[in-house]
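# Secondary and tertiary structure notes
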Amino acid sequence: MDAQQPFSPSEIAELRTLLEIEKIKTLRTQYSYYMDSRQLAALVDLFTEDAICEFGLYGNWSGTAAIADGFNSEFNDTLDQPFWSMHANTNHQVSLTGPDTAEGQIYLLDIVTDKKPDENPFIWFALYDEAYRKVDHQWKIQRTSIHFLWPQKHLDTGFIKR
């Protein structure tokens, strides 16, 4: 393709799709940053009002009030210790399912930062399965389901066929 040629209508549509996908990936980067920096009010603001968190061993939380309570409870002992844990996310794939909806999966490497160099810092290897919805022109998390893979396996394989 010549750099001077204008984009075709299909290329413009593809670019718009990529922009929306990148906005969702930024949302997920913010999720991990706000969680790890213990900015829980900002974290909860990334969810739709009717969002669902399906966190296996940590419980299921529905709605932003329950999500705020859940995160505050889980991080109660480390609220004053930003980056005590780090939720490294990788291999994020996103599919737009409509003009205001999308799905995605993200690998999670969950570590703690207070371990000595000869200690294992990993808490979990897991996979997030998520749904996103655009609200007032902003992407939000509508549902996040975590499937733990290591050191204990708690995997609902039903999401794999979605």
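Refer to the structure printed above.
Residues numbered from 1 in each chain as written. Predicted model: local features only at pLDDT ≥ 70, side-chain atom pairs only at ≥ 80, totals over all residues. Heavy atoms only, no water.

Another point: the nonpolar core. By size, the foremost hydrophobic cluster in this structure holds 30 residues, and its most contacted members are Tyr31, Leu43, Phe47 and Phe71. Sorting the residues of this core by element identifies helix 1 (9–36), helix 2 (40–44), strand 1 (47–54), helix 3 (64–74), strand 4 (101–112), strand 5 (122–135) and strand 6 (138–150) as the ones contributing at least two each. For this core, the leading source of residues is helix 1, giving six residues. (Core = buried A, V, L, I, M, F, W, Y, C linked by side-chain atoms within 4.5 Å. Buried < 20%, exposed > 50% of the residue type's maximum accessible area, 1.4 Å probe, protein only. Helix = DSSP H or I, 4+ residues; strand = E, 2+ residues; numbered from the N terminus.)

Right, let's talk about the side chain of His87 for a bit. Considering the arrangement of structural elements, one finds His87 in strand 3 (residues 85–98). With relative accessibility at 9%, the residue His87 sits in the buried group. Once residues within four sequence positions are removed from consideration, His87 is found in contact with Ser32, Met35, Asp36, Phe75, Leu108, Leu109, Asp110 and Tyr128. (Contact = heavy atoms within 4.5 Å.)

What follows is about helix 3. Since one α-helical turn is 3.6 residues long, residues separated by three or four positions face the same way. Turning to helix 3, its buried residues are Thr64, Ile67, Gly70 and Phe71. Along helix 3, the residues classed as buried sweep out an arc of 120° about the axis, all on the same side. Away from its buried face, by an angle of more than 90 degrees, helix 3 presents the exposed residues Ala65, Asp69 and Ser73. Here the buried face of helix 3 lies against helix 1, helix 2, strand 1 and strand 2 (60–62). (Arc of directions from axis to C-beta.)

The two faces of a sheet get side chains in turn, since along a regular strand they alternate between them. Pairing of strand 4 with strand 5, which is carried by 11 bridges, proceeds in the antiparallel orientation. Directly across from Gly104, in strand 5, lies its bridge partner Glu130. Where strand 5 meets strand 6, 11 bridges bridge the pair, whose relative direction is antiparallel. By the bridge assignment for strand 6, Phe125 is matched with Trp150. Between strand 5 and the antiparallel strand that follows it, strand 6, lie two residues; Asp136 among them carries a positive phi value of about 50°. (Pairing = 2+ DSSP bridges.)

The next thing to look at is the environment of Ser85. By the secondary structure assignment, Ser85 is in strand 3. Considering only alpha carbons, one finds Ser85 and Arg38, 47 residues apart in sequence, at a separation of 9.7 Å. What Ser85 contacts, discounting residues up to four positions off in sequence, is Asp36, Arg38, Phe75, Asp110, Ile111, Val112 and Thr113. Side-chain polar atoms of Ser85 contact the side chain of Arg38, separated by 3.3 Å. (Polar contact = N/O pair within 3.5 Å; in protein donor to acceptor, adjacent residues only side chain to side chain.)

Purely geometric stuff here, so don't read any function into it on its own.
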